[in-house]
Amino acid sequence: MTTVTMKAKRGDASDGGALGSRLSRIDGPAKVTGAARYALEHRPAGLCHAVIVQSTIGAGRVKAIDARAAEAAPGVLLVLTPDNVLPLKSASTWLGTPGPEGPYLALTHAIRFTGQHIAAVIAETFEQATAAAALLNIHYEEAEAIATYDDPRAGDGRALDHLAAGWGEAEKVLAAAPVSLEATYRTPREYNVPIEPHGLVAQWEGETLTIWEPSQWINGMARTYAEWFGIPYDNVRLVSPFIGGGFGSKALALAHGAIATIAAKMLKRPVKLALTRPQTFTAYGGRPATRQTLALGATKEGKLLSIIQQGANETSVDGVWGEPLNAVTTIMYAVPNLASRQTVVPVNTVLPSALRAPGENPSAFGIECAIDELSYEVGIDPVAIRLLNYAEEDPHARKPWSTRQLRQAYEAGAKAFGWEKRSPQPRAMRDGSHLIGWGVAAGTYPVRRTAGEAMVRLFADGRAEVASSGIDMGQGTYTILAQTAAEALGLPVDQVEVKLGDSTLPGAPVAGGSQLANLMTGAVHKAAMTARDELVGLAISDPNSPFRALQANTLSVADGIISSPLGGEGLSIAELMRRLGRDKIEVLSDTLPETANSAADKHTTFTTISRMRSPTEGDYSLHAWCVHFVEVRVDEDFGTVRASRVVSALDSGRLYNPKLAESQWKGGIIMGIGQALLEEGVVDPRYARVINNNLGDYLIATNADIPDIEVISVGVPDFHASALGGKAVGELGIVGVAPAIANAVFHATGKRIRDLPITLEKLIG
Ligand code: MCN
Ligand code: MOS
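In this report, we go over the structure that sits alongside the text.

Calculation rules
Per chain, residue numbering runs from 1 following the sequence as it is written. To label them, take the chains in the order written and letter them from A, then take the ligands in the order written and number them from 1. Selection of residues for local features in this predicted model requires a pLDDT of at least 70, selection of side-chain atom pairs for listing and counting requires 80 or more, and totals for whole chains, interfaces and linings are taken over all residues. Computation of side-chain values: all heavy atoms of the structure, hydrogens and water removed. For the purposes of this entry, the term helix denotes a DSSP run of H or I that reaches at least four residues, the term strand denotes a run of E that reaches at least two, and both are numbered from the N terminus. Here the globule rule reads 2.2 Å times residues to the power 0.38, and the radius of gyration is calculated from C-alpha atoms. Working definition: with a 1.4 Å probe on protein chains only, accessible area under 20% of the residue-type maximum means buried, over 50% means exposed, and in between means partly exposed. The contact criterion used is simple: two residues touch if any of their non-hydrogen atoms lie within 4.5 Å. Accessibility throughout is a Shrake-Rupley quantity obtained with a 1.4 Å probe, and a residue counts as covered only by protein chains that appear here. Asp and Glu are treated as the negative residues and Lys and Arg as the positive ones, with His and the ends of the chain left uncounted. Working definition for charges: the position is that of NZ of Lys, CZ of Arg, CG of Asp or CD of Glu. Disulfide assignment relies on a single distance test, namely cysteine sulfur atoms paired within 2.5 Å. In this analysis an axis means a line fitted to C-alpha atoms, helices contributing only their contacting stretch, and an angle means the value between N-to-C directions, from 0 to 180 degrees. Roughly parallel covers angles under 35 degrees, roughly antiparallel covers those over 145, roughly perpendicular covers 65 to 115, and oblique covers all other angles. Handedness of a crossing follows from how the near helix is turned relative to the far one, being left-handed for an anticlockwise turn of less than a right angle and right-handed for a clockwise one. Polar here means any residue other than Ala, Val, Leu, Ile, Met, Phe, Trp, Tyr, Cys and Pro, which are nonpolar, and Asp, Glu, Lys and Arg, which are charged; Gly is therefore polar. Whenever Lys or Arg places a side-chain nitrogen within 4 Å of a carboxyl oxygen from Asp or Glu, that contact is recorded as a salt bridge. Being paired, for any two strands, means DSSP has found at least two bridges between them. Think of it this way: one heavy atom of a residue within 4 Å of a molecule or strand is enough to make that residue near it. Two N or O atoms count as a polar contact when they lie within 3.5 Å, although within protein this holds only if one can serve as hydrogen donor and the other as acceptor, and sequence-adjacent residues are included solely when both atoms are side-chain atoms. Residues belong to a common nonpolar core when they are buried Ala, Val, Leu, Ile, Met, Phe, Trp, Tyr or Cys residues joined through side-chain atoms within 4.5 Å.

1. Notes on the overall build of the chain
In step 1: Helices and strands together make up the secondary structure of the chain, namely 17 helices and 31 strands.
In step 2: Against the 2.2 N^0.38 benchmark of 27 Å for 765 residues, the chain shows a C-alpha radius of gyration of 27 Å, consistent with a compact globule.
In step 3: Considered along the principal axes of its C-alpha atoms, the chain spans approximately 85 × 70 × 50 Å.
In step 4: Burial statistics for the chain: of 765 residues in total, 61% are counted as buried.
In step 5: Within the chain, contacts between residues at least 6 apart in sequence are counted, and of these 80% link residues at least 24 apart.
In step 6: When the accessible surface of the chain is totalled, it reaches about 28400 Å², and 53% of it is carbon and sulfur.
In step 7: A distance of 1 Å separates the average location of the 70 positive side-chain charges in the chain from that of its 81 negative side-chain charges.

2. Things to note about the state of the cysteines
In step 1: Overall, the coordinates contain 0 disulfides when judged by the stated rule.
In step 2: No disulfide involves cysteine 369; its sulfur sits 14 Å from that of cysteine 626, the nearest cysteine.
In step 3: For cysteine 369, a relative accessible area of 0% gives the class buried.

3. As for the packing of helix H11 (residues 477–489) against helix H12 (residues 516–541)
In step 1: At a closest axis distance of 8 Å, the pairing of H11 and H12 adopts a crossing angle of 30°. When the interaxial angle is binned, H11 and H12 end up roughly parallel. Crossing angle aside, the handedness with which H11 passes H12 is right-handed. Contact with H11, carried on its side by Thr477, Ile480, Leu481, Thr484, Ala485, Glu487, Ala488 and Leu489, involves Leu516, Ala517, Met520, Thr521, Val524, His525, Ala528, Met529, Ala531 and Arg532 of H12 and no other residues of that element.
In step 2: Residues that form the contact of H11 with H12 fall into these classes: 12 nonpolar, 4 polar and 2 charged.

4. Notes on the pattern of salt bridges
Two side chains carrying opposite charge are able to pair once their charged atoms lie near each other.
In step 1: Scanning the entire structure with this criterion turns up 48 salt bridges.
In step 2: Note that glutamate 575 is salt-bridged to arginine 578, the shortest N-O span being 2.8 Å. In this pair, glutamate 575 and arginine 578 are both assigned in helix H13 (residues 573–580), 3 residues apart and thus about one turn of the helix distant.
In step 3: Exposure remark for glutamate 575: the relative accessible area of 23% places this residue in the partly exposed category.
In step 4: The class of arginine 578 is exposed, set by a relative accessible area of 58%.
In step 5: Here arginine 633 and glutamate 631 are joined by a salt bridge, their closest N and O atoms 3.9 Å apart.
In step 6: Since its relative accessible area comes to 23%, arginine 633 is described here as partly exposed.
In step 7: Classification of glutamate 631 by relative accessible area gives buried; the value is 8%.
In step 8: Each of Arg457, Glu465, Lys499, Lys584 and Glu586 takes part in a single network of salt bridges with overlapping partners.

5. Some remarks on the sheet that holds strand E28 (residues 641–651)
In step 1: Taken in spatial order, the 5 strands make up an open sheet running E18-E19-E27-E28-E31, and their pairing is mixed. Each having just a single partner strand, strand E18 (430–431) and strand E31 (709–713) make up the two edges of the open sheet.
In step 2: In the sheet, strand E27 (residues 623–635) pairs with E28 via 10 bridges, with the strands oriented antiparallel. Counterpart to tryptophan 625 in the pairing with E28 is aspartate 651.

6. Quick notes on the site of ligand 1
In step 1: Near ligand 1 you find 33 residues, and of these Gly246, Phe247, Arg654, Gln664 and Gly730 are the closest.
In step 2: Leucine 516 is positioned such that a nitrogen or oxygen atom in its backbone is 3.0 Å from an oxygen atom of ligand 1.
In step 3: Between ligand 1 and arginine 654 there is a distance of 2.8 Å, counted from a nitrogen atom to a backbone nitrogen or oxygen.
In step 4: Calculation on ligand 1 without its partners gives an accessible area of 830 Å², and the protein chains cover 96% of this total.
In step 5: If you list the elements that add at least two residues to the shell around ligand 1, you get H11, H12 and helix H15 (658–677).

7. Examining the nonpolar core
In step 1: The biggest cluster of nonpolar side chains holds 92 residues, and the ones touching the most others in it are Leu80, Ile122, Tyr225, Leu489 and Met520.
In step 2: For this core, the leading source of residues is H12, giving 13 residues.
In step 3: When residues no more than four places from it in sequence are discounted, the contact partners of leucine 489 are Val456, Leu458, Ala464, Ala528, Ala531, Arg532, Val557 and Ile573.
In step 4: Counting residues in each nonpolar core, the second largest holds 90 residues, with Leu374, Leu650, Trp665 and Val711 among its members.

Geometry only, nothing functional implied.
Here it is in structure tokens:
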């Protein structure tokens, strides 16, 4: 099995394709022509098909499963139930801490939520497996389920001390503040719904396991599979060169992955398992429902004196997912007194998890609506009140920002939007039957840092290759790594091939937390510069080189040609390699600290998140920033809300590829519009079940919902944040969009909606 390679076509890079240029995605042609093969398109010989059966009750036990009819159905090879499923070893958590005690059971008798996997049918064909799955006779012992945290039986939950923060005397100062307001903001359950649903193809050959599975974290998932089966890490090969979106949902090995690999082992045949769209809603948890009460105290002039926040989010009954609701609250404004606490409330749901900007996203909804409310309370423009309370340093970590171009973002965004033409009063702007509202909100996303590793090879024909197990789910990794290597090696970008997404390649940490671009460009740049130095070293020392006896620092490499500024003919890299008799120069390098370079350190760095450095580790506080200006049109007759214009100004430091960064930002803004106006997992309290578990009923933004979006980059290179000066991009754009829309809706209608999504019954009711 060969590894997929992506390369720019000649002519793609009219501007040379160097880092910072607007090269189009080099994986684009393979995707639009269908040449890119996704995980579930692999058909190893002897492939059979697994279909999952999920619980229809929210709590209780599987008393018995009568599988006789299913087993007797045509084509059926195996029916897996809690009674016969192979127990796996407990795998360590993503933090690298020991997992739960006892074996890991991919199917259990105990039922903790509706839609939990309780059986699987494996058959020769998908249709046979589907038909037989319907023949399972399942007997339950039902217990009472708690559907949501609004059920009084759910209680107040338990405090998460690590999410508490505070300084000063928040309560006392709030009580004495000349102006104060308090409100509760809520976001519903939201789902990742990538276009490519979850699934995998698993194949055993003796004690080695090959898995084709869409993955945001090749090394981390391979580690989990290896630990589950008690086999060496190197016995697992996880392959994921293309991913049809993940948005946080494809970073971990999940129960359905265990089921498919168990079935493949038991049957000694490759097994394919594709979840149906409804099954994806409970095979993995999306963003939990959140609520937060915010109290703001301020002077009459609008200067913040105190913030008190009490947040809560739903979690499952068997695990803790804390959605950090103060992630933005604690750093956005200069506030002398703050107290923030959070609880998690267990309910009968699948364990929630990461969805684009977990924490920052709902956090911004709270604080950015609250500051807007304060602006009306004290009669100040919403942009002005934000500048009045501008944080010159990180008020929480009490460290200087590395860079914070947020003031520039307000200025550039306001100017491009035409903010000065805004009438301050709500309901003051109108176009026929449309009330028009203009709203603003800010957002931020931290710069997280983990080390990476990369292989760079320079071949005798002048081509180069970059290899890493880091992934590209659409964000642009292939492209920016080709650009990075091209720039460092002095090659045209169409001479660089990139291989990604295979656990046999050099290691990379999770493509989560918007860290991959910064860390991988750093690793590739380091490897490529070493390769270039080696080439130049040979050029000046080899007796067969025309450059022998020149100084290394006098040679330059550009466009694949090595030349000396002292004059004389340049020589192509290929020709030099030929004269040197070299078939390649190969450099494997990593960005781990020099002191920590053992194989065990690498394994820990790439397969757990324990080595990820926080944004405030070190002398500076590292964050990306943004401001969104949004216009909405509210139809008074129909109560409909549409976002009609968006201008956003964003600071992600240096952009490795502005075209792709803009596309990432816009993608986030589009998701933010969906979140504000459409997205909501509706829970049926009787069955503790999300009832709109399909793309017909779980509404996400489509083209018709999206206006022109203008994005403006205000970043400057930030070398505290990363080796090449970039900050986070992938999750930044979504943060702050929903509050900007809620604020615009208030400006249009005079009605404050604090509960997403903003639907017409809330506007009218
Ligand atoms: N970039 C840039 N300049 C920078 C930083 C990034 O030009 N200084 C561009 C590059 O094209 C890079 C991309 O932005 O490939 C994203 O970089 P980064 O912010 O480092 O994010 P990651 O590569 O770590 O990607 C993960 C991030 C996350 S966490 C989610 S969630 C998310 C997202 O990216 N899910 C996505 N963007 C997505 N985009 C697509 N198409 N599909 C998803 O599932
Ligand atoms: Mo992104 S939600 O950190 O994968």
